[in-house]
Amino acid sequence: MSNIIDARGLSCPEPVLMAKNAIDNASIDLSKAKPIDEITVIVDNEASMENVSRFLTSKSFRVEVFSEGGDFKIIGKIDNSGAMSKPEPSNSNSEPSIKSSKKGSNSHKQKILVFVATDRVGFGDDELGKKLMISFLKTIKEMGDELWRLVFVNNGVKLTIEDSVVLEDLLEYEKAGLKIMVCGTCLTHFNLLDAKKVGETTNMLDIVTAMQLADKVITV
Amino acid sequence: MCGLPFPVDENVLIGIGTADDAGVYKISDELALIQTVDFFTPIVDDPFDFGLIAAANALSDVYAMGGVPKTAMNLVAFPLAKLGGAVLREVLLGGIEKLKESGTVLIGGHSIEDDEFKYGLSVTGFVHPKKILANQGLKVGDCLILTKPLGTGIINTAIKGGLASQSTIDMAVKIMATLNKYAAQVMTQFPITACTDITGFGLLGHLAEMISGTEIGIRIDSSLVQILPETVEFASMGLVPSGSHRNRKFRENMVELKSNISPVMRDILFDPQTSGGLLMGCPENQAENLVKRLIDNGVEESAIIGQVDENLKGIIRVE
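Residues numbered from 1 in each chain as written. Chains lettered and ligands numbered in written order. Predicted model: local features only at pLDDT ≥ 70, side-chain atom pairs only at ≥ 80, totals over all residues. Heavy atoms only, no water.

Considering the pairing of strand β2 (residues 23-26) of chain B
All names here are of chain B. Here strand β1 (residues 12-14) pairs with β2 via 2 bridges, running antiparallel. Each residue of the ladder has a partner; that of V12, found in β2, is Y25. Here β2 runs beside strand β3 (residues 32-40); their pairing, made up of 4 bridges, is antiparallel. In the sheet register, G23 faces β3, and the bridge partner there is Q35. Where β2 hands over to β3, the hairpin turn is made up of 5 residues, counted between the paired strands. (Pairing = 2+ DSSP bridges. Helix = DSSP H or I, 4+ residues; strand = E, 2+ residues; numbered from the N terminus.)

This is the structure we're talking about:
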């Protein structure tokens, strides 16, 4: 069901509370077939526009804003069907869909997990090895959206800290939707917990689970 | 207020022309008068708490100027028929309690009937004319120290919406009702270069005032800024007061946010505060000692949050 709320003339936090009430009431009202999956909120100031957009995003709505005269029309949609059929490698919220999609539907598109356990590639010359790692991480984007997880453990976590040469690249990947996982035990071991600037601090269970779900694991 | 024909007097040391916390008038070479006034509508449900907060907030401007409050007068606009005298009495009792704690005497006041309740005080204090702390005067290399956590504007918005838990309300009330007296006691023993208190313009707005029109800039490490519990959650839900958005629009050309600063953190740093902490500049070699002494004197949330940087001309960079 959908819902239209006219919150013009009201100031913060009223528009957010009206949207919240509409969503909350729908989800507890058993007489209604299903919770709100589309909601439109109209406001007349930018502050309310930003607040309502942020609120709907926090409730997993996909938000679009249209500016009309002095008013803003904020449309939030929960895209159930899309999340189920297409496994978005970029979106960790669509986790439940992964199992069903593993075999079948999108057979041409695989999920690749890259496991980086060092800050340099190969043995021999360490200087060369470090350069190769930089080059590897800058080139890895050529995998396109089949690149599904990037996992850093042991010395590899040093690539995620503030003075890492590839930090900008990793931040960009993350912004583009790649999920980057960084081993918390390793960060703690090197005393780098606060220095980490990209990715999600994670644990071995999450890493193992991700490996199991991946179609291909590449270890560096 | 631009363009109004204000009277001029050579004894006005700090007047309406600068964006300072209070006015200062020189009486002699040894003594100057600090005057300030502040009042607002209730921000919490409990009338006694509201009294505590309104008084702590009004007294704060005197402390921020490096002075000591001496006398105060009540300002009351009250809907007697709607709320009843008992509520007003509780509010005034709260105010008196904070005045007592600060060593200030109440010497009068004025009240009117009004549909919307408002309460506040005018406060007068003393300061030595050579020891006035203005909000400008920061030197290159100074560390910036903030003495209270941020988030009261966002939490007050959540209280309005009925979403704040009692423990968060209690915490916010405690912070807002805390006098800046204890921070000022320590501060006046250090070579402070500039000071202000954080109120309606939010942390970044007040920082902008401290460097506006100067050649210096400021680096802020957002991870060092103390934030009240639940503030991040409420801000993530969009419970951000419109004042925060206004503050940002007003000062965004002076603020540079690094890419790791989320919009939520940005809004917290611009969040208008009620009875916020003191924000002071101090030479780097004394800053850690100052923070230690503040904490020893009970100002436990004090922290160094940034530093004056000569390379960032007129810019506040948030990392």
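This is not the end of the story, as more comes after the structure.
Comments concerning the environment of K179(A)
Relative to the elements of secondary structure, K179(A) occurs in strand β7 (residues 179-183). Linking K179(A) and V151(A), residues 28 residues apart in sequence, is a C-alpha distance of 8.6 Å.

Section: the packing of aromatic side chains
All names here are of chain B. Counted under the stated rule, the structure contains 4 aromatic pairs over all chains. An angle of 70° between the planes, with centres 6.2 Å apart, marks the rings of F50 and Y119 as edge-to-face. Of the two residues, F50 sits in helix α1 (residues 47-64) while Y119 sits in strand β6 (residues 118-127), which places them 69 residues apart along the sequence. Look at Y119 and you get buried, because its relative accessible area is 0%. (Phe/Tyr/Trp six-rings, centres within 6.5 Å; stacked < 30°, edge-to-face > 60°. Buried < 20%, exposed > 50% of the residue type's maximum accessible area, 1.4 Å probe, protein only.)

Description of the nonpolar core
Ranked by internal contacts, the top residues of the largest apolar core, which has 115 residues, are I39(A), L203(B), L207(B) and I316(B). For this core, the element with the highest residue contribution is α1(B), accounting for 11 residues. Setting aside anything within four residues of it in sequence, one finds L203(B) in contact with L146(B), L150(B), I198(B), V225(B), L269(B), D271(B), L279(B) and I305(B). (Core = buried A, V, L, I, M, F, W, Y, C linked by side-chain atoms within 4.5 Å. Contact = heavy atoms within 4.5 Å.)

Quick look at the packing of α1(B) against helix α5 (residues 166-177) of chain B
Residues and elements named next belong to chain B. Where α1 contacts α5, the axes come no closer than 8 Å and their chain directions differ by 35°. Where α1 abuts α5, its residues D49, L52, I53 and A56 lie against V173, M176 and A177. Taken together, the residues of the contact of α1 with α5 sort by class into 6 nonpolar, no polar and 1 charged. (Axes fitted to C-alpha atoms, helices over the stretch in contact; angles between N-to-C directions. Nonpolar A, V, L, I, M, F, W, Y, C, P; charged D, E, K, R; others polar.)

Some words on the interface of chain A and chain B
With 12 residues of chain A in contact, the opposing surface of chain B contributes 19 residues. Summed over both sides, the interface between chain A and chain B buries roughly 1300 Å², with carbon and sulfur atoms accounting for 57% of that surface. Of all residues in chain A, P13(A), N51(A) and R54(A) bury the most surface against chain B, accounting for 40% of the area lost on that side. Here chain A and chain B share 4 salt bridges between them. Residue E50(A) pairs with R248(B) through a salt bridge whose shortest N-O separation is 2.6 Å. Our count for the contact surface shared by chain A and chain B stands at 9 residue pairs in polar contact (both at pLDDT 80 or more). When residues of the side of chain A that touches chain B are traced back to their parent elements, those giving at least two are α1 (14-28) and α2 (46-58) of chain A. (Buried area = accessible area lost by both parts, 1.4 Å probe. Salt bridge = Lys/Arg side-chain N within 4 Å of Asp/Glu carboxyl O. Polar contact = N/O pair within 3.5 Å; in protein donor to acceptor, adjacent residues only side chain to side chain.)

Notes on the layout of surface pockets
All names here are of chain B. Of the volumes computed, that of the largest pocket is approximately 1100 Å³. Along its surface, the largest pocket is lined by 36 residues, and T199, G200, P272, Q273 and T274 are the ones closest to its centre. Contributions of two or more residues to the lining of the largest pocket are made by β3, α1, α4 (152-160), α7 (202-211) and α9 (242-251). Here the residues of the lining of the largest pocket are counted per class, giving 12 nonpolar, 15 polar and 9 charged. Counting the residues that make up the lining of the largest pocket, at least three belong to each of domain 1 (12-131) and domain 2 (143-318). (1 Å grid on protein atoms, 1.4 Å probe; cavity = no way out; pocket = protein on both sides within 12 Å on 5 of 7 lines; lining within 4 Å. Points joined across faces, edges and corners; volume = space filled by probe spheres on them. Domains from an automatic or database assignment.)

Comments concerning the sheet that holds strand β5 (residues 112-116) of chain A
All names here are of chain A. One open sheet holds the 5 strands; their spatial order is β8-β7-β6-β5-β9, and the pairing between them is parallel. Looking at strand neighbours, the two that pair on one side only are β8 (200-202) and β9 (216-219), the edges of this open sheet. Pairwise comparison of adjacent strand axes, ignoring direction, gives a mean angle of 25° for this sheet. Two strands pair when backbone bridges link them, and β7 and β8 are joined in this way by 3 bridges, in the parallel orientation. Its bridge partner lying in β8, M181 is registered against E200. Relative to β5, helix α8 (residues 204-213) is tilted by about 140°, and along the sheet it contacts β5, β6 (147-152), β7, β8 and β9.

Details of α7(B)
Residue and element names in this part refer to chain B. A large share of α7 lies buried, amounting to 10 of its 10 residues. Buried within α7 are the following residues: G202, L203, L204, G205, H206, L207, A208, E209, M210 and I211. Among the residues trailing α7, G213 stands out with phi positive, at a value near 80°.

What about the confidence of the model for chain A?
Of all residues in chain A, 82% attain a pLDDT of 70 or more, and the chain-wide mean is 81. Below pLDDT 50 for its whole length, residues 82-107 of chain A participates in 30 contacts with residues either more than four positions away or in separate chains. (pLDDT = per-residue confidence, 0-100.)

Some words on unusual backbone geometry
Residues and elements named next belong to chain A. The omega angle of the peptide bond from C12 to P13 is 0°, so this bond is cis rather than trans. With respect to the helices, strands and loops of the structure, P13 is situated in the loop between β1 (2-6) and α1. For N154, which is not a glycine, the phi torsion comes out positive at approximately 45°. Position of N154 among the secondary structure elements: in the loop between β6 and α6 (167-175). For N154, a relative accessible area of 45% translates into the label partly exposed. Its identity is not glycine, yet N191 carries a phi of approximately 60°, on the positive side. If you trace the backbone, N191 turns up in the loop between α7 (184-189) and β8. Its relative accessible area of 69% is what places N191 among the exposed residues.

Quick notes on the state of the cysteines
The bond known as a disulfide is covalent and runs between the sulfur atoms of two cysteines. Summed over the entire model, instances satisfying the criterion amount to 1 disulfide over all chains. There is a disulfide in this structure between C183(A) and C186(A), and the S-S distance comes to 2.3 Å. Here the disulfide of C183(A) and C186(A) is right-handed, its torsion about the S-S bond being about 80°. Of the two residues examined, C183(A) and C186(A), each falls in the buried class. You can see C282(B) has no disulfide; the closest cysteine sulfur is in C143(B), sitting 7.0 Å from it. (Disulfide = S-S within 2.5 Å.)

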